[in-house]
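Examining the three-dimensional arrangement
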Amino acid sequence: MAVKEITTTDEFVKGLWRDNPVFVQVLGMCPALAVSNTAINALTMGLATTFVLLMSGLSVSALRTFIPREARIVCFICIIASFVTAVDYIIQAISLELSRSLGAFIALIVVNCLILGRAEAFASKHNLLRSTLDALGMGVGFTVALLTIGVVREILGNGSLFGVAVLPGSFQTWTVMVLPSGGFFAMALWLLVVNRIKERQAAAEKHAQEVAS
Amino acid sequence: MNVPQPLERPPTSAWSMYRSIVGIGALCALLIVAVYQSTAARIRENQERFLAAAVAEVLPPARSTVAVVLADDGRLMTTAETHELPVLLGYGDSDDLVGAVIAAEGMGYQDNIRVLYAYSFELQAIVGFKVLASKETPGLGDRIEKEAHFIANFDRLDARLDVDGKSLQHAIVTVKQGEKTEPWQLDGITGATITSEAIGNILNTSASRWLPVLERDARAIDYSPPTEEP
């Protein structure tokens, strides 16, 4: 059987859909559920995580021959923690209000298993170009997933989107959606949608293969 | 059947591990210091702007402020340092003392609540209130920031001192919604009982500590108005 060659485009695209970190790998659940109560919080957390993923992926890939196997975890954590500290300062410099609303979750990016996972499983074994594309794809996939959860929670929980009212004043907001349990409800809803689409795609591919053979 | 043998790896030297850990540690330290140095001024500016906006909101007549702290001898003295929970004296257009703005914090339902309140020397009352940081339950505890009848408590919340000037004449307490009968009582919020009671406790604790000192020393503070930049 012919093995399909993995192109550089695949490295980027896989994080968006096929191996989406939230909806497929179910990684980084702590920020995905805790900080997605509004769209702006979800977007900021997604962008901060993408920045840390990209920079740590680049650094680990560039230093992969310098880091011995036995010391790799301590080195990866040190690199990731430094970029998280940097992004924390940068967000405080951009907007103090945003930094306050994200609270401790920016610092907790350090322990997001998605980032250490990509550093260990991918960046430490691949060149700069592939590591960059992989980190960007995973980061964008993570950001989009958080944003979709945040959009549903903010619209139903506050009647607004990015702080702008989108539902009529007569709409009784579902407070539960901005509470922690609302994160699970929105996540479950999107998992249903994503899995349904994936099932239909798989069925269509199987049918196409049967027709071809 | 051939059993695959594990790959033999050459042992990693201690020097190689030492070099990589120390080298990466140094690079990371360099990165953190560089980012801190380049963002520190902007972060400080943001903090000052945030505090200035909050002060303007709780004590509108104040045109400038002076930060004060308690000296070792228990007297009030001015300070140039920035504190997490500042106490500021507010001065009006004619450089007269119009009030004090005090930051305070205490335990709420979920976590610590940090608030800013304004005290009027003339009215001997709390005349402004703002929540600086809170993680109270959305839709319930966070109503302390939005509920009109609760905010109305701070139009003139009695905080006068007793005849000795050493403690509050009446403790600030939160009562059930609709049961407020005295000017030193906070009309609570049904559904946010613990949070609204926490606000009463935070204000009572902070006012009991600061108001006697402020009433005694604030007017004696040497105030020099900020000079206009050319």
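Residues numbered from 1 in each chain as written. Chains lettered and ligands numbered in written order. Predicted model: local features only at pLDDT ≥ 70, side-chain atom pairs only at ≥ 80, totals over all residues.

The next subject is the overall build of chain B. Summing up its helical and strand segments, chain B has three helices and nine strands in all. A compact globule built from 230 residues should have a C-alpha radius of gyration of about 17 Å, whereas chain B, at 26 Å, is more than 25% larger. Here the C-alpha coordinates of chain B stretch approximately 95 × 55 × 35 Å along the principal axes. Here chain B holds 230 residues, and 28% of them are scored as buried. Across chain B, every contact between residues at least 6 apart in sequence was considered, and the portion connecting residues at least 24 apart equals 58%. (Helix = DSSP H or I, 4+ residues; strand = E, 2+ residues; numbered from the N terminus. Rg over C-alpha atoms; globule rule 2.2 N^0.38 Å. Buried ≥ 20, exposed ≤ 12 C-beta atoms within 10 Å, placed from the backbone. Contact = placed C-beta atoms within 7 Å.)

On a plain count of helices and strands, chain A comes out with eight helices and two strands. Starting at the N terminus, the α and β elements of chain A follow one another as α-α-α-α-α-α-α-β-β-α. With the C-alpha coordinates of chain A rotated into their principal frame, the extents come out at 60 × 55 × 25 Å. Burial status across chain A gives 38% buried among its 213 residues.

With that settled, consider the interface of chain A and chain B. With 23 residues of chain A at the contact, the number on the chain B side is 22 residues. Counting residues per element, the ones that place at least two in the side of chain A that touches chain B are α4 (72-94) and α5 (96-102) of chain A. With 11 residues, α4 of chain A is the largest single contributor of residues to the side of chain A that touches chain B.

All names here are of chain B. Strands sit in the order β2-β1-β3-β4-β5-β6-β7 across an open sheet of seven strands; the sheet is antiparallel. Every interior strand has two partners, whereas the edge strands, β2 (76-78) and β7 (157-158), have only one. Bridge analysis of strand β3 (residues 87-91) against strand β4 (residues 97-107) gives five bridges, and the strand direction is antiparallel. From the neighbouring strand, L89 faces β4, where its bridge partner is A100. (Pairing = 2+ DSSP bridges.)

Residue and element names in this part refer to chain A. Viewed as axis vectors pointing N to C, helix α1 (residues 8-16) and helix α7 (residues 128-158) meet at an angle of 20°, and their least axial separation amounts to 6 Å. For the element pair α1 / α7, the angle class is roughly parallel. In this structure, α1 meets α7 at a crossing whose hand is right-handed. Taking contact as the criterion, the partners of T8, E11, F12, V13, K14, G15 and L16 in α1 are, on α7, L129, R130, L133, D134, L136, G137, M138, V140 and G141. Classifying every residue of the contact of α1 with α7 gives eight nonpolar, four polar and four charged. (Axes fitted to C-alpha atoms, helices over the stretch in contact; angles between N-to-C directions. Parallel < 35°, antiparallel > 145°, perpendicular 65-115°, else oblique. Left-handed = near helix turned anticlockwise from the far one by under 90°. Nonpolar A, V, L, I, M, F, W, Y, C, P; charged D, E, K, R; others polar.)

All right, on to unusual backbone geometry then. Even without being a glycine, F162 of chain A presents a positive backbone phi close to 50°. With respect to the helices, strands and loops of the structure, F162 of chain A is situated in the loop between β1 (160-161) and β2 (164-165). Judged by the 12 C-beta atoms lying within 10 Å of it, F162 of chain A is exposed. The phi angle at Q124 of chain B is positive, at roughly 50°, despite the residue not being glycine. Tracing the sequence through the fold places Q124 of chain B in the loop between β5 (112-120) and β6 (125-133). You can call Q124 of chain B partly exposed: it has 15 C-beta atoms within 10 Å.

Here the focus is helix α3 (residues 193-217) of chain B. Residue and element names in this part refer to chain B. End to end, α3 covers 36 Å across 25 residues, agreeing with the expected 36 Å (1.5 Å per residue, within 8%). At A207, α3 is bent by approximately 35°, the largest bend along its length. Of all the residues in α3, the buried ones are T195, S196, A198, I199, G200, I202, L203, N204, S206, A207, L211 and L214. (Expected span 1.5 Å × (residues − 1). Bend = angle between axes of the 7 residues up to and from the residue.)

Grouped together as the largest cluster of nonpolar side chains are 44 residues, with contacts concentrated most on V52, I79, I80, V87 and L146 of chain A. Among the elements of the structure, α2 (29-34), α3 (39-62), α4, α6 (113-121), α7 and α8 (180-212) of chain A together with α1 (14-58) of chain B are those that each provide at least two residues to this core. Here this core takes 10 residues from α4 of chain A, the largest share from any one element. Leave out the neighbours within four places in its chain, and V52 of chain A touches I80, F83, V84, V87, I109 and I115 of chain A. Formed by 43 residues, the second largest nonpolar core is a distinct cluster that contains V55, L59, L157 and I172 of chain B. (Core = buried A, V, L, I, M, F, W, Y, C linked by C-beta atoms within 7 Å.)

Here α3 of chain A spans 34 Å end to end across 24 residues, near enough to the 34 Å set by a 1.5 Å rise per residue. Burial within α3 of chain A is extensive, with 17 of its 24 residues counted as buried.

Residues and elements named next belong to chain B. Linkage of β3 to β4, two consecutive antiparallel strands, is achieved through a turn of five residues, within which D95 is found at a positive phi near 60°. The sheet contact formed by β4 and β5 spans eight bridges and is antiparallel. The residue of β5 that forms the bridge with V101 is A118. Once β4 ends, the chain turns through four residues before running back antiparallel as β5.

Once that is clear, we can look at the environment of R160 of chain B. Residue and element names in this part refer to chain B. Tracing the backbone through its elements, the reader meets R160 in the loop between β7 and β8 (173-175). By the C-beta count within 10 Å, which is 15 here, R160 ends up partly exposed. Counting along the chain gives 53 residues from R160 to M107, while the straight-line C-alpha distance between them is 25 Å. When near neighbours in sequence (up to four residues on either side) are disregarded, R160 contacts Q124 and Q169.

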